[in-house]
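So the chains spell out like this:
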Amino acid sequence: MSTYSGMNATSGVNTICDFRSDTITRPDVAMREAMASAVVGDDVYGDDPTVNHLEERLADMLGKEAAVFFPTGTQSNLAAIMAHCGRGDEIIVGNEYHTFCDEAAGASVLAGISLNPVKTEMGGEVSPDSIAAAIKEDDPHYARSRLLCLENTVSGRAIPIQTINTSAKVAKDAGLSVHLDGARFFNAITALKCSPKELADCADSISLCMSKGLGTPVGSVLVGSHALTAQARRNRKILGGSMRQSGILAAAALYALDHNIETLVQDHNRAERLANALTTLDVGAVVHNSNMVFFTPAPEHHKTLYAHMAKTGVVIGGQSPTIRMVMHRDISDDALDLAIQSFQSYYA
Ligand SMILES: Cc1ncc(COP(=O)(O)O)c(C=O)c1O
């Protein structure tokens, strides 16, 4: 056994199931076999056939011209934002969206792009009125409004096609481009029961994460026009994200596209089952959005609840006051049963 193979990431806890995020999934045997047998080349020379195949496949699936494979969703979003905007431009973005809250203001720090946050509505969308009000007139006093950044799903909430199209239209009519952070794009189309193209239609560029619900260890793909993705590829180089024999990682993504999209509905169903079980307990308000469940227990229960769950091998996130539980490929029905039993024994 190697130094690392026996290590448990949540040290001190004998983890049986981990609900903190869908990013924690580990590649299964079949995915590892696909990775091991990948045909590879140097992708910086454009020579990796597996990366090229992944990029072509996703561009085609979403009805766009081209795609670029990135190490992370954060870098894919940033490279896209930098491709759409120059220094002194601004993006309009939901104030709860990852590109605003959780990407260390990279667009400002590295590219001189200002972030203009607008209210995120209850359904996860940004309203046409907020967008219209945020778009600045062309005046030398102001940053140039250049890009609307959307997200779907937003904390698990799948924004309906018509709603997201209406938001995007306001921006497009004013001459802005639209970028969609689709870290959980496939959860969104699963929940909305629509095709990839139907959702992708709202945006000029879309960033898709392979390493969340789809279960790969690494990787995101940006899709868009030839011109946009060419600039994003250059930005990837600037950001240090160009990889060499990355076909090993692209093979995991191709495997996931073949096998792991259709099983996302099971994650959503399990989230619903968990939400139904929690509503029978004294855990406060319970909300279920696609593969995520949120609840807000009384403050005095937080520490004791975590400790109780951990003792039974169930890891839940450390957020307060609202706890998020995320279903993913490593949560089986048995794991979910165990978690529900742990909650029931705590609140008995
Ligand atoms: C909505 C959303 N966008 C983007 C990202 C960034 O992905 P990565 O962690 O690969 O940088 C995340 C990560 O959790 C996310 O949840």
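As the structure is a computational prediction, the values presented were derived from the model and not from experiment.

Chemist: Please clarify how the side chain of N187 should be interpreted in this entry.
Modeler: With respect to the secondary-structure elements, N187 resides in helix α8 (residues 185-192). When near neighbours in sequence (up to four residues on either side) are disregarded, N187 contacts T153, L264, H268 and N291.

Chemist: Teacher, can you tell me more about the domain arrangement of the chain here?
Modeler: One frequently used descriptor of interface size is the decrease in accessible area upon assembly of the parts. For the chain, the assigned domains read domain 1 (17-22 + 263-346) and domain 2 (29-259). Centre-to-centre separation of domain 1 and domain 2, based on C-alpha positions: 29 Å. At the boundary of domain 1 with domain 2, total buried surface from both sides reaches about 1,100 Å², with 54% on carbon and sulfur atoms. In this structure, the connection of domain 1 to domain 2 is made through 1 salt bridge. Its salt-bridge partner being R184, residue D22 comes within 2.8 Å of it at the nearest N-O pair. The tally of links between domain 1 and domain 2 comes to 4 residue pairs in polar contact (both at pLDDT 80 or more). The dominant element in the side of domain 1 that touches domain 2, judged by the number of residues it contributes, is helix α12 (residues 264-279), at 3 residues. Residue composition of the side of domain 1 that touches domain 2, by class: 4 nonpolar, 6 polar and 2 charged.

Chemist: Hey, could you run me through the packing of helix α2 (residues 49-62) against helix α11 (residues 247-259) in this one?
Modeler: Helix packing for two helices is described by the angle between their axes and how far apart those axes are. Running from N to C, α2 and α11 point in directions that differ by 35 degrees, and their axes come no closer than 8 Å. Both α2 and α11 take part in a crossing whose hand is left-handed. When α2 is examined against α11, the residues T50, V51, H53, L54, R57, L58 and M61 are found in contact with a partner set consisting of G247, A250, A251, A253, L254, L257 and D258. Considering only residue class, the contact of α2 with α11 consists of 9 nonpolar, 3 polar and 2 charged.

Chemist: Looking at this structure, how should I read the site of the ligand?
Modeler: Taken together, the neighbourhood of the ligand is formed by T72, G73, T74, N77, H98, E103, E151, D181, A183, R184, C209 and K212. A distance of 2.6 Å is found between a nitrogen atom of the ligand and a side-chain nitrogen or oxygen belonging to D181. The side chain of K212 places a nitrogen or oxygen atom 3.0 Å from an oxygen atom of the ligand. Within the complex, 80% of the 390 Å² of free accessible area of the ligand lies under protein. Here the element with the most residues in the shell around the ligand is helix α3 (residues 73-84); it accounts for 3 residues. Across the shell around the ligand, the residue classes tally to 2 nonpolar, 5 polar and 5 charged.

Chemist: I keep staring at unusual backbone geometry and nothing clicks. Help me out?
Modeler: Note: most residues except glycine have negative phi, and most peptide bonds are trans. Cis rather than trans, the peptide bond between N152 and T153 has omega equal to 5 degrees. Locating T153 in the fold gives a position in the loop between β5 (144-151) and α7 (161-173). Here the amide bond leading from S320 into P321 is cis, since omega sits at 5 degrees, within 30 degrees of zero. Relative to the helices and strands, P321 resides in the loop between β11 (314-315) and β12 (323-326). Positive phi is not limited to glycine here, since K193 has a value of about 55 degrees. Secondary-structure assignment places K193 in the loop between α8 and α9 (196-200). For S290, which is not a glycine, the phi torsion comes out positive at approximately 40 degrees. Looking at where S290 falls in the secondary structure, it is placed in the loop between β9 (286-289) and β10 (292-295).

Chemist: How do you make sense of helix α14 (residues 333-346) when you look at a structure like this?
Modeler: Since there are 3.6 residues in each turn of an α-helix, residues three or four apart along the chain are aligned in direction. The end-to-end C-alpha distance of α14 is 20 Å, a good match for the 20 Å that 14 residues give at a rise of 1.5 Å each. Within α14, burial applies to A335, L336, A339, I340, S342, F343 and Y346. In a view along the axis of α14, the buried residues occupy a sector of 155 degrees, so they form one face of it. Close packing links the buried residues of α14 with β1 (17-18), α12, β10, α13 (302-311), β11 and β12.

The rules behind the values
- Residues numbered from 1 in each chain as written.
- Predicted model: local features only at pLDDT ≥ 70, side-chain atom pairs only at ≥ 80, totals over all residues.
- Heavy atoms only, no water.
- Helix = DSSP H or I, 4+ residues; strand = E, 2+ residues; numbered from the N terminus.
- Contact = heavy atoms within 4.5 Å.
- Domains from an automatic or database assignment.
- Buried area = accessible area lost by both parts, 1.4 Å probe.
- Salt bridge = Lys/Arg side-chain N within 4 Å of Asp/Glu carboxyl O.
- Polar contact = N/O pair within 3.5 Å; in protein donor to acceptor, adjacent residues only side chain to side chain.
- Nonpolar A, V, L, I, M, F, W, Y, C, P; charged D, E, K, R; others polar.
- Axes fitted to C-alpha atoms, helices over the stretch in contact; angles between N-to-C directions.
- Left-handed = near helix turned anticlockwise from the far one by under 90°.
- Near = heavy atom within 4 Å.
- Areas by Shrake-Rupley, 256 points an atom, 1.4 Å probe, with all protein chains shown as cover.
- Expected span 1.5 Å × (residues − 1).
- Buried < 20%, exposed > 50% of the residue type's maximum accessible area, 1.4 Å probe, protein only.
- Arc of directions from axis to C-beta.

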